[in-house]
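What follows is each chain in one-letter form.
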Amino acid sequence: MWRGAVLALAGAYFLTPLVASFVFTVHAPGRGVSFEAYTELLGADGFTESLLLSLSLAAATIALSLLLAMPALVAVRIGSPRLRPVVEVACMLPLVVPPIALVTGITTVLRWGPEHLSRTPLYQTFIAVQDERFPVVLVLAYTVLALPFVYRSLDAGLRAIDVPTLVEAAHSCGASWPYVVLRVLLPNLRGSLAGAAFLTLALVLGEFTIASLLGFRPFAVWIVSISGAQARMSVAVSILSLLITWLLLLVLSRAGTSPSAAASAPVTTSRKES
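Only a predicted model underlies this, so the values are computations on that prediction, with no experimental measurement involved.

Each value, and the rule that gives it
Sequence order sets the numbering: in each chain, residues are counted from 1 along the sequence as written. In view of the model being predicted, local features appear only for residues whose pLDDT reaches at least 70, and side-chain atom pairs are presented and counted only at 80 or more, with totals across whole chains, interfaces and linings using the full set of residues. Hydrogen atoms and water are omitted, and side-chain values are computed over all heavy atoms in the structure. Numbering of helices and strands starts at the N terminus; helices are DSSP runs of H or I of at least 4 residues and strands are runs of E of at least 2. Should any heavy atoms of two residues lie within 4.5 Å, those residues are counted as being in contact. Computed by Shrake-Rupley with a 1.4 Å probe, the accessible areas treat only the displayed protein chains as cover when residues are assessed. The positive count covers Lys and Arg only, the negative count covers Asp and Glu only, and His and the chain ends enter neither. Here the site of a charge means atom NZ of a Lys, CZ of an Arg, CG of an Asp or CD of a Glu. As used in this record, nonpolar core signifies buried Ala, Val, Leu, Ile, Met, Phe, Trp, Tyr and Cys residues forming a set joined through side-chain atoms within 4.5 Å. Only protein chains enter the accessibility calculation, which uses a 1.4 Å probe. A residue is then buried if its area is under 20% of the maximum for its type, exposed if over 50%, and partly exposed in between. Ring pairs shown here join Phe, Tyr and Trp side chains whose ring centres sit within 6.5 Å, with only the six-membered ring taken for Trp; geometry is labelled stacked below 30 degrees between planes, edge-to-face above 60, and tilted in between. Counting of polar contacts relies on pairs of N or O atoms within 3.5 Å, with two restrictions inside protein: one atom must be capable of donating a hydrogen and the other of accepting it, and residues adjacent in sequence are counted only when both atoms are side-chain atoms. Expected helix span is taken as 1.5 Å per residue step, with the number of steps being one fewer than the number of residues. Throughout, the arc means that of the directions going from the helix axis to the C-beta atoms.

**Structural notes on the overall build of the protein chain**
For the protein chain, the count of helices and strands is 15 helices and two strands. Projecting the C-alpha coordinates of the protein chain onto the three principal axes gives extents of approximately 75 × 70 × 35 Å. Within the protein chain, residue pairs in contact and separated by at least 24 positions form 76% of the contacts whose partners lie at least 6 positions apart. As displayed, the protein chain offers around 15800 Å² of accessible surface, 69% of which is attributable to carbon and sulfur atoms. Mean positive and mean negative side-chain charge positions of the protein chain (17 and 13 charges, respectively) differ by 9 Å.

**Quick look at the nonpolar core**
Judged by nonpolar contacts, the single largest core of 52 residues is most densely connected at Leu 138, Leu 154 and Leu 214. Those elements giving two or more residues to this core turn out to be helix H3 (47-78), helix H4 (84-96), helix H5 (99-110), helix H8 (136-159), helix H9 (163-172), helix H10 (177-188), helix H11 (190-206) and helix H12 (209-214). For this core, the element with the most residues is H8, which contributes eleven residues. Not counting chain neighbours up to four residues away, the residues in contact with Leu 214 comprise Val 103, Ile 106, Thr 107, Leu 110, Val 137 and Leu 138.

**Let's talk about the packing of aromatic side chains**
Following the criterion strictly, the structure yields four aromatic pairs and no others. Aromatic side chains Tyr 13 and Phe 14 sit 5.4 Å apart centroid to centroid with 85° between the ring planes, which places their arrangement in the edge-to-face category. Through pairs of rings, three or more aromatic residues link up here, namely Phe 47, Phe 219 and Trp 222.

**With respect to the side chain of Ser 54**
With respect to the element layout, Ser 54 can be found in helix H3. At 2.7 Å, the side chain of Ser 54 forms a polar contact with the backbone nitrogen of Phe 219. Those residues in contact with Ser 54, other than ones at most four positions away along the chain, are Val 204, Leu 205, Pro 218 and Phe 219.

**Some points on H5**
In this model H5 runs 16 Å from its N-terminal to its C-terminal C-alpha over twelve residues, within 8% of the 16 Å that 1.5 Å per residue would give. Turning to H5, its buried residues number three or more, namely Val 103, Ile 106 and Leu 110. One face of H5 carries all of its buried residues, which in axial projection span an arc of 55°.

Okay, structure coming up:
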């Protein structure tokens, strides 16, 4: 009974604001129920472009953060366990630095291009990373912000498996390092990788401060920009973004828990190869 009561209170706490927001978007005073906020959404100026930009930034951030964190954590766990506190502190630092301080530092660095490097080949690099079609500078900033969440997720997954034993067993069967990582470690870290990817996706889709101060217009900035003139549409977009996030969460969780034969294949395949 108490478990049901707690679940009911938690459900009401999360669902009541969503239901109230949905009622606000469909109830027009004096006109009754109207779904204009949703029907006009797809044709709104900047909606598709900002959403695709945020999704592409999220995909690039997920790829870069996993590419940086995964090899480092595996190498530390196998070869240098004493460096684990150092790596942990380095990955946790973005939680201490406020985003406003981070964007101030990024702005200062980007200002070096026109001020000091205008006559060098690096000037074009500074221009390229600020391309409005795909701002690489946002990917770099989001990767820094996502490192604590990626680290915690991957570290929990690595703690749950015996990495040295798996690596030694694979090497004893003749497996190479790329084979060990792709066919032995990654299948066992499927859930951790999915969790890290979802946390990074949620962070990128909801991040506003850095993108706004740098002058870019991803999905979160676009929602705020239309909130003054079209309040119902902005709330409708917020509800839609939550639904998109939940849908992607289901996809990632499904990918993280789906059965795979790859986890049991490495030893057999390696023996055949050797």
